[in-house]
Structure formats: C-alpha cells, structure tokens
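Listed below, chain by chain, are the residues.
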Amino acid sequence: MTSPVRVTVGQLAISADHAANREAVADAFVSAARVGADLLVLPEYASGYEPRGVGVEHAEPLDGPFVSALRAHAARYRVAVVAGTTLPATGAPAPVPGEAAMTGQIPAVTGAVRTVTGSLPAAVAAAGRASNAVIAVDADGGLVGAYRKVHLYDAFGARESDRLEPGPPDVPPLVIRLGDLTFGVLTCYDLRFPESARRLVDAGADVVVVPAAWLDGPLKADHWRTLLRARAIENTAVVIGVGMAGPGLVGRSLLAGPDGVVGLELDEAPQVRTVDLDPEPLAQVRAHNPSLANRRYVVVPRP
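Procedures and definitions
Residues numbered from 1 in each chain as written. Predicted model: local features only at pLDDT ≥ 70, side-chain atom pairs only at ≥ 80, totals over all residues. Heavy atoms only, no water. Core = buried A, V, L, I, M, F, W, Y, C linked by side-chain atoms within 4.5 Å. Buried < 20%, exposed > 50% of the residue type's maximum accessible area, 1.4 Å probe, protein only. Helix = DSSP H or I, 4+ residues; strand = E, 2+ residues; numbered from the N terminus. Axes fitted to C-alpha atoms, helices over the stretch in contact; angles between N-to-C directions. Parallel < 35°, antiparallel > 145°, perpendicular 65-115°, else oblique. Left-handed = near helix turned anticlockwise from the far one by under 90°. Contact = heavy atoms within 4.5 Å. Nonpolar A, V, L, I, M, F, W, Y, C, P; charged D, E, K, R; others polar. Phe/Tyr/Trp six-rings, centres within 6.5 Å; stacked < 30°, edge-to-face > 60°.

**Thoughts on the nonpolar core**
Soluble globular proteins tend to pack their nonpolar side chains together in the buried interior.
Step number 1: Core analysis: the largest hydrophobic core is formed by 31 residues, its most contacted members being Phe29, Leu40, Leu42, Tyr49, Leu70 and Val81.
Step number 2: If you list the elements that add at least two residues to this core, you get α1 (18–34), α2 (65–77), β3 (80–88) and β6 (130–137).
Step number 3: The next biggest cluster of nonpolar side chains, apart from the first, holds 28 residues, and it includes Val9, Ala80, Val207 and Val238.

**Digging into the packing of α1 against α2**
Step number 1: For the pair α1 and α2, the least separation of the axes is 10 Å and the interaxial angle reads 20°. Here α1 lies roughly parallel to α2, going by the angle between them. For the pair α1 and α2, the sense of crossing is right-handed. Facing Arg22, Val25, Ala26, Phe29, Val30 and Ala33 of α1, the residues of α2 in contact are Pro65, Phe66, Ala69, Leu70, His73, Ala74 and Tyr77.
Step number 2: Partitioning the contact of α1 with α2 into residue classes produces 11 nonpolar, 1 polar and 1 charged.

**A few points about unusual backbone geometry**
Step number 1: Here the phi dihedral of Tyr45 falls at roughly 55°; this positive angle occurs in a residue that is not glycine.
Step number 2: As for its position among the elements, Tyr45 is in the loop between β2 (39–41) and α2.
Step number 3: For Tyr45, a relative accessible area of 5% puts it in the buried group.
Step number 4: One non-glycine residue with positive phi stands out, namely Phe156, at about 55°.
Step number 5: With respect to the helices and strands, Phe156 occurs in the loop between β7 (143–148) and β8 (164–165).
Step number 6: Phe156 sits in the exposed class, given a relative accessible area of 51%.

**Observations concerning the packing of aromatic side chains**
Step number 1: Across all of its chains, the model carries 6 aromatic pairs by this definition.
Step number 2: Between Phe29 and Tyr77 the ring centres are 6.3 Å apart and the planes differ by 20°, which places this aromatic pair in the stacked class. Of this pair, Phe29 sits in helix α1 while Tyr77 sits in helix α2, and the two are 48 residues apart along the sequence.
Step number 3: Overall, the relative accessible area of 22% leaves Tyr77 in the partly exposed class.
Step number 4: On the numbers, 5.3 Å between centres and 80° between planes, the contact of Tyr153 with Tyr189 is edge-to-face. Linking Tyr153 in the loop between β7 and β8 with Tyr189 in the loop between β10 (181–185) and α4 (194–202), this pair joins segments that are 36 residues apart in sequence. As far as burial versus exposure is concerned, Tyr153 and Tyr189 are alike and both buried.
Step number 5: Three or more aromatic residues link up through ring pairs in this structure, and these residues are Tyr153, Phe156, Tyr189 and Phe193.

Here it is as structure tokens:
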C-alpha cells in the first residue's frame, strides 16, 4: 500500500530585498504546514531576484541567511523544501561567447553538495560571476544537496553566463526521496533540454520539479506549458513547474501527470496551492506505456 505525497507549490513574487523574500518564504512554509504538506517547492532565485539580471550581488553561501532559514523552517514545520537561490562562484571556466555554455574543461567535484575544487580563474574573478542553484532540504532540516544550473539562459536576447557560471554536467543528479516517490531537480532553462530530465529519471526520479523565473515574451507561456507536458509524457513522470510571479514573468505554475494531463495550472498572480501525488496511478501509466523500458539510447553528459 502506497501513500500520497502532499506537495505545496509556492508561486511567489521575489524582489531584490532578501529579508522581505525570507519573510515570504516563511509565510509559504506556514501555508504548507497548515495543510500537512510533505514538500514545499519555491521558484528559481527565491532568495533574491533582479529583473535586469541576477549576479554576485545576490550570492549567499550555503551557510548564509537564506539556506539557513530554509533549514530552520523545514525542521520546525517538518516540511521538506526545494528552492532556488544564488551561490558564490566555484571557479568553473567562463563559456566562450558564441559557443555552448558547457564548453571547456569541468573541474573535479567532491562532496555531498557538489562543491567544485580548484582556484578561481582570473577571467572568472574579473567577471565576478555567481552560481544559479537549487537547494533541497529534508524535513529534518538536513541539506540534501545543491544543484547548480547546467544550462545557462543565453537565449532570446539574454546572456545569463555574463553574470553566472554553469554547473558541471557530470555530477550525480540531485534527488530527494519522500514517502514512496523520488523527486529530481532541474531549473528553468534546463527544461528545454530533454536529456536533463531523462538523466533524473535514470537516477530514479518519479517526479521532476522545475523551479523557474520564466521570462515572458512572444510564445513564452506556450513554450513553458508545452515543455512541461512534453517532459512528463516522454518520461512517464509527474512534472511540476513552479514559476516566479511578477512583472515580466510568466508565473503559471503547472503540474503535468505522466500521461500529460494537467492536474494544476495557476495564472500569473502570486499564490500558494497544494496537490496530492499518488504513486499508484504513476505506476499504472508506466506499466501501460513502458517507453522507458523500450528506449535504445542512454544519456551521457558532455565533457
């Protein structure tokens, strides 16, 4: 007999004021605890956001105020959390303009939270880049891990790599087990790369959570909805996209089931909603549509 996992989606409006953002996060925890949620999912950049671009001015270490608050609230309310933040740079090479964001040699990685070793290259230090990350914390307040965004948003006229460094693509995927379901973590622009979600599923993920600050623009809301459903269908997985609310952003947090059916869809306004995820229908879809078992290719991270 399996039990549902209750997930609270926090579609928050985030500003450059870190203290105000921590208050909004605390309120979201209260809402999640009130309904007995097992997991709270918050947007990308939940610690601090600037529409013109997020960089080192918003970076906080893993023992800084934001992650410390996440851990304290998680332990107090017995609610696990997945939330976006900005961490100090680790020293990954800067991508060459005009080339893919993941070109160049990736430094060695060690540790449960995937800390990159080595000194900071002069080019990175001069650029003053930070790291776009998603933190997973369990209901005891323990830090499960930090996923550093692999695919930087160098698209649609933006260039995220001017301010941020890419995460190494070959570290173990970040997953967290809650009840009878395993949750895997991506963020925002990663959604456009199907192999990223497939790698999480290969690591055991039943549910893929995608914290995002998805910028608005022509067709962007349609892309967001379509890609979330596509990642769900092709992986026979539940996919939960949690968008940031606010001017210039799509919002529109969405849950798609393993058959692509939309079970929750919000509008652009800040709001907090809760859903129950039942492992049994997921298993039934995978049994009826065994596309994961039938595939002939594997995902290999690019060096």
